[in-house]
Amino acid sequence: MRLLRIAAALAFAGFANLAVAATDYPTKSVTLVVPFAPGGSNDIVGRYVADRLSKIWGQPVVVENMPGAGSAIGSAHVAKAKPDGYTLLINSVTFTMNAAVQNLPFDPANDFQPVGMIGKVPLVLVVGPALPVKSYDEFMAEAKKRPLKYATSGLGGVNQFGTEVLKKAAGLKMEPVHYKGGSPAMADVIGGHVDLFFSSMTQALPQIRAGLMTGIMVSSEERSPATPDLPTMVEKGLKDAVVNQWWGLFAPAGTPDEIVQKINADLNTIVNSDETKEFLAKDGGTPAPTSVEQFAETVKKETAKWKEIAQEANIKAE
Amino acid sequence: MPGGSTSDGSEMKLRHPKDFAAGLLYVGVGGAFAVIASGYRMGTAARMGPGYFPFWLGVLLMLIGAAVIFGALRGKDAEADAKLSGWDLKSLAIVLAAVVLFGVLLQPMGLVAAVAVLVLVASVASHEFSWRAAALNAVVLVGLAVVIFVYGLGLQFHLWPALLAG
Amino acid sequence: MEFLDHLAIGLETALSLHNLLYAFAGCLLGTLIGVLPGLGPLATIAMLLPFTYGLPPVGALIMLAGIYYGAAYGGSTTAILVNLPGETSSVVTVIDGHQMARKGKAGAALAAAAIGSFFAGCVGVLMLALFAAPLTRFAFKFGPAEYFSLMAVGLVGAVSLASGSVVKSIGMIVFGLLLGLVGIDVASGVTRFTFGFPELWEGIDFIVVAVGIFAFSEIVGSLEQREHRKAYTSEITTLWPTREDIRRMTPAILRGSSIGAFVGILPGAGLSLASFFAYSLERKVSRRPDEFGHGAIEGVAGPESANNAAAQTAFIPTLTLGIPGSATMALMLGAMIIHNIQPGPQVMTSNPDLFWGLIVSMWIGNLMLVILNLPLIGIWVQLLKVPYRVLYPAILMFCCIGVYSVSYSTFDLFMAAGFGVLGYLFHKLACEPAPLMLGFVLGPMLEENFRRALVLSDGDFSVFVTRPISLVLLLIAVALVVFSVLPSLKKQRAVVFTEE
């Protein structure tokens with residue numbers, strides 16, 4: 001126990017010396033708001049990043065779970081927090097999607113300063129006994145024959161947008177069946193009650209490996225190392241058909257630029273480490289280091305993209 | 001509050017004031033849900049919109065309420081405990097005020113102050129109330145709360161007012 | 001004798017001194033935190049999870065299993081002693097358990113719950129060990145249509161929860177169904193009945209309603225009885241069940257365990273419905289149905305057994321598929337993943353020591369629990385002797401902290417206070433809250449599955465009767481109405497005539 005503590009202290013000292021930057025941020029503990037209950041992917045990634053950041057900074061990074069209303073409650077809290085870099089938010093791709101379908105108690109485009117992306121993981125399209133196809137071509141043939149029913153983990157979530165991207169690119173007709181979360185959606189695919197689900201890689205991998213569901217395609221730019229046999233939509237000629245589940249850090253709008261740049265630099269140190277690569281690879285994900293500007297651009301572009309798709313597909317809380 | 005106005009029941013011959021008030025409550029709540037639900041898209045039974053299910057449930061609750069009211073007026077023989085007994089609004093107000101105060105104070109003033117106020121205010125509702133005993137109880141419970149939830153379980157609570165920690 | 005080999009693997013893992021200690025620590029912590037009013041099993045498990053992080057994976061899982069049972073049993077203790085259900089399944093325990101406590105039989109009620117839970121736990125673990133695979137296949141047959149029909153059976157059964165007016169309790173069920181609909185509509189994304197509060201988007205939390213309607217109104221109700229109320233009980237007759245009690249609770253435990261073990265495998269619905277089904281059944285087969293609601297020991301033993309058997313078999317979809325069926329299961333699954341164990345179809349073959357170790361440690365957890373809790377009953381019962389003026393501020397404090405800790409939101413506290421007013425009104429108007437709680441839990445599932453079934457069938461209502469399981473369930477529901485509700489309506493009138 002004592003040995004551990006000494007080792008930790010040494011680690012603090014070492015890193016603190018290295019991190020000489022234009023700003024002396026942080027001089028006190030930093031709060032990282034996770035806008036979900038403990039246990040989900042945002043929470044696990046958030047705690048991982050918080051732990052590594054606190055080692056670099058020599059200041060505690062305290063994770064605070066603020067679940068509720070999708071991620072709206074925690075996000076709204078950060079939007080209103082003092083823009084001094086001491087309150088940060090971790091959120092995922094759904095952050096850019098929620099605004100397209102729901103009236104939110106904050107403005108995702110203007111209330112936040114994007115800091116940097118952490119990692120991303122593709123979606124994988126899975127089918128069960130209701131749609132006994134084995135390959136991309138068989139799937140497409142069947143999908144053109146009849147309007148399929150696809151499961152979602154809730155209106156306007158990443159799974160629905162993933163399917164809508166496919167629908168649009170391939171010109172298919174499909175109808176959503178909404179579930180409360182990914183688990184019941186998967187159960188109904190395995191049980192043969194619904195045709196398909198564009199699932200998060202994490203959830204689907206064990207079922208695919210056990211042969212309970214069949215993976216058909218993935219949604220990333222390139223094939224995933226976790227499922228090297230599955231084609232991407234892009235390589236099958238579906239233009240712009242890319243959806244990634246990602247996590248990133250945000251600060252309240254108006255946070256001083258040198259602080260944002262410093263957090264970004266330290267975040268990238270973590271993201272680029274082998275440890276992080278391994279951490280994300282467990283679930284089929286990959287690290288995704290970005291500059292502040294790149295990440296801001298991604299957030300802007302995706303927000304606009306989902307808005308457009310939501311309008312075309314008429315995905316909107318009535 | 002539908003219960004309050006009917007407690008004397010002088011106008012109509014009420015066999016069962018309790019049921020009468022319960023029926024009014026059902027009609028009121030069912031009506032409120034049905035009215036709000038009618039503002040959502042209704043759809044059809046086969047393709048329900050968000051308003052369909054709550055609207056018809058609201059109507060059903062109103063009908064049940066009406067049946068309960070009817071029974072209360074026409075019941076053949078009144079039960080002994082059918083009357084509405086006295087309302088102890090003071091205890092209700094004190095206990096719930098303590099809860100609300102706890103909610104108001106918790107984030108700005110911290111756990112210690114919030115629990116102390118909760119216990120002191122709530123204790124007033126007891127007819128055996130004494131400041132000494134309540135204060136002692138508050139000290140013990142603040143200690144318990146801090147030891148169990150903050151040190152034991154490590155929950156996210158601020159112990160002291162936010163200004164002091166600032 | 002493959003099974004015996006598996007058992008040997010499991011025993012070897014679970015019976016090491018370290019692991020026994022972890023099991024004991026888990027049970028103890030789970031019970032101690034779970035017994036605090038306002039902290040339901042879900043909150044208890046969430047709070048205690050971090051304690052397992054530092055342990056080796058198998059040890060952590062064993063401790064986790066201990067916490068799980070401890071939290072569930074602690075929740076039943078709160079239900080019996082302070083009339084506060086911490087989760088859906090304890091709503092029925094409250095009905096007769098608390099009445100027993102009022103009559104000085106808290107010890108017997110707690111013992112019935114502990115013994116019933118232990119026996120049911122054994123049945124559940126055995127089912128899990130022997131039939132995990134076929135049971136999983138059966139659970140998959142349940143699609144939206146089947147779930148809807150199952151909910152229909154549950155709702156019809158809910159009427160039996162009330163001991164007073166049948167019409168009024170149907171009203172309470174509908175009231176509960178409506179409350180359950182608050183929040184974002186899954187099918188359309190519309191925020192219903194939220195009045196502009198984002199805090200309501202995900203619906204009202206169970207513990208908020210339970211604390212308001214049960215705990216707060218119970219405290220006010222007790223305060224207004226101006227007597228010098230010592231505690232809940234004036235005289236505690238015995239700590240242990242009498243011979244008569246044991247004779248009555250044994251068949252109830254057997255029936256409850258069987259119902260619970262089967263219903264528990266259905267993800268989502270099973271865990272909440274098991275204890276309701278068991279209560280309805282006990283009341284139906286009892287020769288003294290009138291005692292129900294006034295402290296019938298079968299009304300505690302049956303549902304508690306069902307609940308615990310279901311709690312075991314609910315592990316089946318979680319372990320064999322990696323698909324959690326409830327919030328609690330999702331939490332357990334998350335904890336396993338943190339320890340680098342990915343539950344799923346392969347876990348049985350790829351990590352046999354882990355899988356069978358967990359199964360055996362579940363059983364050991366159950367055993368620890370009964371060993372730990374039978375002596376503790378004496379202490380819990382002593383708590384009832386604490387003067388009420390000291391006790392109720394403590395209950396209030398734990399409830400407030402429990403409500404707040406669900407999502408660290410003071411909004412929930414204000415809402416609980418609002419439900420306190422409603423609960424007091426119910427208390428005054430003799431409206432029984434248990435049917436409301438069942439409606440509250442089933443409401444969203446009922447609507448969701450109905451609409452989902454119709455989307456899948458393109459609006460064809462015949463799905464509910466052309467799918468065999470759904471048809472059977474609907475026939476059961478109809479039969480329940482015909483054979484149970486109608487006579488009780490008649491009897492209702494008879495009671496009005498004779499009782500007073």
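What counts and what doesn't
Residues numbered from 1 in each chain as written. Chains lettered and ligands numbered in written order. Predicted model: local features only at pLDDT ≥ 70, side-chain atom pairs only at ≥ 80, totals over all residues. Heavy atoms only, no water. Helix = DSSP H or I, 4+ residues; strand = E, 2+ residues; numbered from the N terminus. Buried < 20%, exposed > 50% of the residue type's maximum accessible area, 1.4 Å probe, protein only. Contact = heavy atoms within 4.5 Å. Areas by Shrake-Rupley, 256 points an atom, 1.4 Å probe, with all protein chains shown as cover. Rg over C-alpha atoms; globule rule 2.2 N^0.38 Å. Lys, Arg positive; Asp, Glu negative; His and termini not counted. Charge placed at Lys NZ, Arg CZ, Asp CG, Glu CD. Pairing = 2+ DSSP bridges. Right-handed = clockwise from strand over helix to strand, strands pointing away. Salt bridge = Lys/Arg side-chain N within 4 Å of Asp/Glu carboxyl O. Polar contact = N/O pair within 3.5 Å; in protein donor to acceptor, adjacent residues only side chain to side chain. Nonpolar A, V, L, I, M, F, W, Y, C, P; charged D, E, K, R; others polar. Buried area = accessible area lost by both parts, 1.4 Å probe. Patch = residues over 30% accessible without salt bridge, like charges linked within 9 Å, V, L, I, M, F, W, Y side chains within 5 Å. Phe/Tyr/Trp six-rings, centres within 6.5 Å; stacked < 30°, edge-to-face > 60°. Lys NZ or Arg CZ within 6 Å of the ring centre and 35° of its normal.

A.B. asks: Would you explain the overall build of chain B in this entry?
C.D. replies: A count of helical and extended segments in chain B gives seven helices and zero strands. For chain B, the sequential pattern of α-helices and β-strands runs α-α-α-α-α-α-α. With 166 residues in all, chain B has 44% of them scored as buried. Considering only contacts in chain B between residues 6 or more positions apart, those separated by 24 or more positions represent 57%. In the form shown here, chain B has an accessible surface area of approximately 8300 Å², with 69% of it arising from carbon and sulfur atoms.

A.B. asks: Help me understand the overall build of chain C in this model?
C.D. replies: In terms of helices and strands, chain C carries 21 helices and two strands. Taking 2.2 N^0.38 as the reference for a compact globule, 500 residues should give roughly 23 Å; the C-alpha atoms of chain C span a radius of gyration of 22 Å, in line with that estimate. Its C-alpha atoms give chain C principal-axis dimensions of roughly 65 × 60 × 50 Å. In chain C, of all internal contacts separated by at least 6 residues, the share reaching a separation of at least 24 is 80%. As presented, chain C carries roughly 16500 Å² of accessible surface, and 68% of it is formed by carbon and sulfur atoms. Computed over 27 positive and 30 negative side-chain charges, the separation of the two mean positions in chain C equals 9 Å.

A.B. asks: What is the right way to look at the pairing of strand E5 (residues 148–152) of chain A in this model?
C.D. replies: Side-chain direction in a regular strand flips from residue to residue, so the side chains alternate between the two faces of the sheet. Residue and element names in this part refer to chain A. In terms of burial, E5 is largely enclosed, as five of its five residues are buried. Neither face of E5 is exposed, since Leu148, Tyr150 and Thr152 on one face and Lys149 and Ala151 on the opposite face are all buried. Bridge count between E5 and strand E6 (residues 174–178): five bridges; the pairing is parallel. Among the inter-strand pairings, Thr152 is bridged to a residue of E6, identified as His178. This β-α-β element, E5 to helix H6 (residues 158–170) to E6, shows right-handed connectivity. Bridge count for E5 against strand E7 (residues 196–200) is two bridges, and the pairing is parallel. Across the sheet, Tyr150 pairs through a bridge with Leu196, a residue of E7.

A.B. asks: How do you make sense of the interface of chain C and chain B when you look at a structure like this?
C.D. replies: It is common to report an interface's size as the accessible area lost on association of the parts. Each partner contributes to the interface: chain C provides 71 residues, whereas chain B provides 70 residues. Across the pair Arg47 of chain B and Asp458 of chain C runs a salt bridge whose closest N-O atoms are separated by 3.7 Å. Applying the counting rule to chain C against chain B returns 11 residue pairs in polar contact (both at pLDDT 80 or more). For the side of chain C that touches chain B, the elements supplying multiple residues, two or more each, are helix H3 (41–48), helix H8 (166–180), strand E2 (191–192), helix H9 (206–224), helix H17 (388–407), helix H18 (410–428), helix H19 (433–456) and helix H21 (468–499) of chain C. In terms of residue count, H17 of chain C provides more of the side of chain C that touches chain B than any other element does, 12 residues in total. For the side of chain C that touches chain B, the residue count by class is 50 nonpolar, nine polar and 12 charged.

A.B. asks: What should I look at first to understand the interface of chain A and chain B in this one?
C.D. replies: Each side of the interface is counted separately: chain A has five residues, and chain B has four residues. For the pair chain A and chain B, the summed buried area comes to about 390 Å², and 22% of that belongs to carbon and sulfur atoms. The interface formed by chain A and chain B holds one salt bridge in total. For Arg47 of chain B, the salt bridge goes to Glu175 of chain A, with nearest N and O atoms at 2.7 Å. Inspection of the region where chain A meets chain B yields one residue pair in polar contact (both at pLDDT 80 or more). The element contributing the most residues to the side of chain A that touches chain B is strand E2 (residues 61–65) of chain A, with three residues. Within the side of chain A that touches chain B, the residues separate by chemical class into one nonpolar, one polar and three charged.

A.B. asks: What is the right way to look at unusual backbone geometry in this model?
C.D. replies: Peptide bonds are mostly trans, and most non-glycine residues show a negative phi. Omega for the bond connecting Tyr25 of chain A with Pro26 of chain A falls within 30 degrees of zero, at -5°, which places this linkage in the cis form. Along the chain, Pro26 of chain A turns up in the loop between helix H1 (2–18) and strand E1 (30–34). Positive phi values are uncommon outside glycine, yet Asn83 of chain C reaches one of about 65°. Within the secondary structure, Asn83 of chain C sits in the loop between helix H4 (57–82) and helix H5 (90–102). Even without being a glycine, Phe193 of chain C presents a positive backbone phi close to 55°. Note on placement: Phe193 of chain C falls in the loop between E2 and H9.

A.B. asks: Where do I start with a nonpolar patch on the surface in this structure?
C.D. replies: Residues Leu4, Leu7, Leu11 and Leu15 of chain C make up a contiguous nonpolar surface patch of roughly 320 Å² in combined accessible area. Turning to its location among the elements, Leu7 of chain C is positioned in helix H1 (residues 2–14).

A.B. asks: When you look at the packing of aromatic side chains in this model, what are you seeing that I'm missing?
C.D. replies: To describe a pair of aromatic rings, one takes the distance between the centres and the angle between the planes. Residues and elements named next belong to chain A. Taken as a whole and judged by the stated rule, the model has 30 aromatic pairs over all chains. Put simply, the rings of Phe95, Phe106, Phe112, Trp246, Phe250 and Phe295 pair up and form one aromatic cluster. Sitting above the plane of the Tyr86 ring, Lys28 keeps its charged end 4.8 Å from the centroid.

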